[in-house]
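The lines below spell out each chain.
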Amino acid sequence: MKNIFNLILLLFFLASCGQKANETNDNKPENFALTNQTDLFEFKIPDTISLGKHIGRITKYKRNKKPNYDYLLSVIVSNQYEGSKIKTDTFSNGTLNPFFGINGFKTGTQEITLIIEEQIIEPYEKDKDSFLGITKLYHNYESRITVVDGDYMSETEKELRAELKNK
């Protein structure tokens, strides 16, 4: 009976994590350590975009996963908008390859900085009130893109949009 209750709570927790897609987060995570372990992830990000909103995606998560552990990924992007306004957005869909938004705010070369929040959920039974240990790791990734004027869409972005449409 206790195991069923713990399983229900775990499923509720995981379901609620998946509902955070595209939420705006104006605060950066407190006490976070950035690592540059980009070998854990593969990304699909257009190298050239037009002005405005576009998408990218984590295509591969390469951590050696432990049995009975769960893993969640979120992408935190600080996008710059008109008037030098910076908005921090958090993207997650409960999968290990979430889509995320990037904004082309001016023509020319632009740096995109992503913070990948990796949550490792470890089941354990310390006492009857504790059954999960959650470790949060933050990974920094940067990409340089070119922003052009006009109505341009790269082949990479066409592929990403097709993948998003088929979800």
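Higher on the page you've got the structure.
First, a word on what this report is: a plain description of the structure on this page. (Residues numbered from 1 in each chain as written. Predicted model: local features only at pLDDT ≥ 70, side-chain atom pairs only at ≥ 80, totals over all residues. Heavy atoms only, no water.)

**Some remarks on the overall build of the protein chain**
Alright, step 1. Looking only at helices and strands, the protein chain has two helices and 10 strands in total.
Alright, step 2. In sequence order, the secondary structure elements of the protein chain are arranged as α-β-β-β-β-β-β-β-β-β-β-α.
Alright, step 3. Looking at the protein chain as a whole, 35% of its 167 residues qualify as buried.
Alright, step 4. Expressed as a percentage of contacts within the protein chain between residues at least 6 apart in sequence, the contacts between residues at least 24 apart total 68%.
Alright, step 5. On the protein chain, roughly 10400 Å² of surface is accessible, and the fraction owed to carbon and sulfur atoms is 48%. (Helix = DSSP H or I, 4+ residues; strand = E, 2+ residues; numbered from the N terminus. Buried < 20%, exposed > 50% of the residue type's maximum accessible area, 1.4 Å probe, protein only. Contact = heavy atoms within 4.5 Å. Areas by Shrake-Rupley, 256 points an atom, 1.4 Å probe, with all protein chains shown as cover.)

**Overview of the layout of surface pockets**
Alright, step 1. Here the second largest pocket defines a volume of roughly 220 Å³.
Alright, step 2. What lines the second largest pocket is a set of 14 residues, and nearest its centre among them are Lys 53, Tyr 81, Asp 89, Phe 91 and Gly 101.
Alright, step 3. Those elements giving two or more residues to the lining of the second largest pocket turn out to be strand S5 (52-61), strand S6 (70-81), strand S7 (85-91), strand S8 (99-104) and helix H2 (155-165).
Alright, step 4. Residues of the lining of the second largest pocket, tallied by class, amount to five nonpolar, five polar and four charged. (1 Å grid on protein atoms, 1.4 Å probe; cavity = no way out; pocket = protein on both sides within 12 Å on 5 of 7 lines; lining within 4 Å. Points joined across faces, edges and corners; volume = space filled by probe spheres on them. Nonpolar A, V, L, I, M, F, W, Y, C, P; charged D, E, K, R; others polar.)

**Concerning the sheet that holds S5**
Alright, step 1. Read across the open sheet, the three strands follow the order S3-S5-S8; overall the sheet is antiparallel. Of all the strands in the sheet, the pair left with one neighbour each is strand S3 (41-44) and S8. Taken over all neighbouring pairs, the strand axes of this sheet differ in orientation by 35 degrees on average, direction set aside.
Alright, step 2. Here S3 runs beside S5; their pairing, made up of four bridges, is antiparallel. (Pairing = 2+ DSSP bridges. Axes fitted to C-alpha atoms, helices over the stretch in contact; angles between N-to-C directions.)

**Points about the pairing of S6**
Alright, step 1. With nine of its 12 residues buried, S6 lies for the most part within the structure.
Alright, step 2. Where S6 and S7 come together, seven bridges link them in antiparallel fashion. Bridging from a neighbouring strand, Ile 76 pairs with Thr 90 of S7.
Alright, step 3. Between S6 and S7, which pair antiparallel and follow one another directly, the connecting turn spans three residues, one of which, Gly 83, has a positive phi of 75 degrees.

**Things to note about the environment of Glu 142**
Alright, step 1. Note on placement: Glu 142 falls in strand S10 (residues 130-148).
Alright, step 2. For the pair formed by Glu 142 and Ile 115, sequence separation is 27 residues and the distance between their alpha carbons is 8.8 Å.
Alright, step 3. If sequence neighbours within four positions are ignored, Glu 142 has contacts with Glu 111, Ile 112 and Thr 113.

**Things to note about the packing of aromatic side chains**
Geometry of an aromatic ring pair is reported as the spacing of the ring centres plus the angle between the planes.
Alright, step 1. Throughout the structure, instances matching the rule amount to four aromatic pairs.
Alright, step 2. Consider the rings of Phe 43 and Tyr 141, whose centres lie 4.1 Å apart with planes at 20 degrees: the pair is stacked. Taken together, the residues Phe 43 in strand S3 and Tyr 141 in strand S10 connect sequence positions 98 residues apart.
Alright, step 3. An aromatic cluster of three or more residues is present, and its members are Phe 41, Phe 43, Tyr 61, Tyr 71 and Tyr 141. (Phe/Tyr/Trp six-rings, centres within 6.5 Å; stacked < 30°, edge-to-face > 60°.)

**Focus on the pattern of salt bridges**
Alright, step 1. Following the criterion strictly, the structure yields eight salt bridges and no others.
Alright, step 2. Ionic pairing is found between Lys 44 and Glu 159, a salt bridge with its closest N-O pair at 3.2 Å. Of the two residues, Lys 44 sits in strand S3 while Glu 159 sits in helix H2, which places them 115 residues apart along the sequence.
Alright, step 3. Between Glu 111 and Arg 144 there is a salt bridge, with the nearest N and O atoms lying 2.6 Å from each other. Of the two residues, Glu 111 sits in strand S9 (residues 108-127) while Arg 144 sits in strand S10, which places them 33 residues apart along the sequence.
Alright, step 4. Connected through shared salt-bridge partners, Lys 44, Arg 57, Glu 159 and Glu 163 make up one network. (Salt bridge = Lys/Arg side-chain N within 4 Å of Asp/Glu carboxyl O.)

**Let's talk about the environment of Pro 46**
Alright, step 1. By the element assignment, Pro 46 lies in the loop between S3 and strand S4 (48-50).
Alright, step 2. With a relative accessible area of 0%, Pro 46 lands in the buried category.
Alright, step 3. Separated by 99 residues in the primary sequence, Pro 46 and Ile 145 place their C-alpha atoms 7.3 Å from one another.
Alright, step 4. Residues within four places of Pro 46 in sequence aside, it is in contact with Ile 55, Ile 102, Ile 145, Ser 154, Thr 156, Glu 157 and Leu 160.

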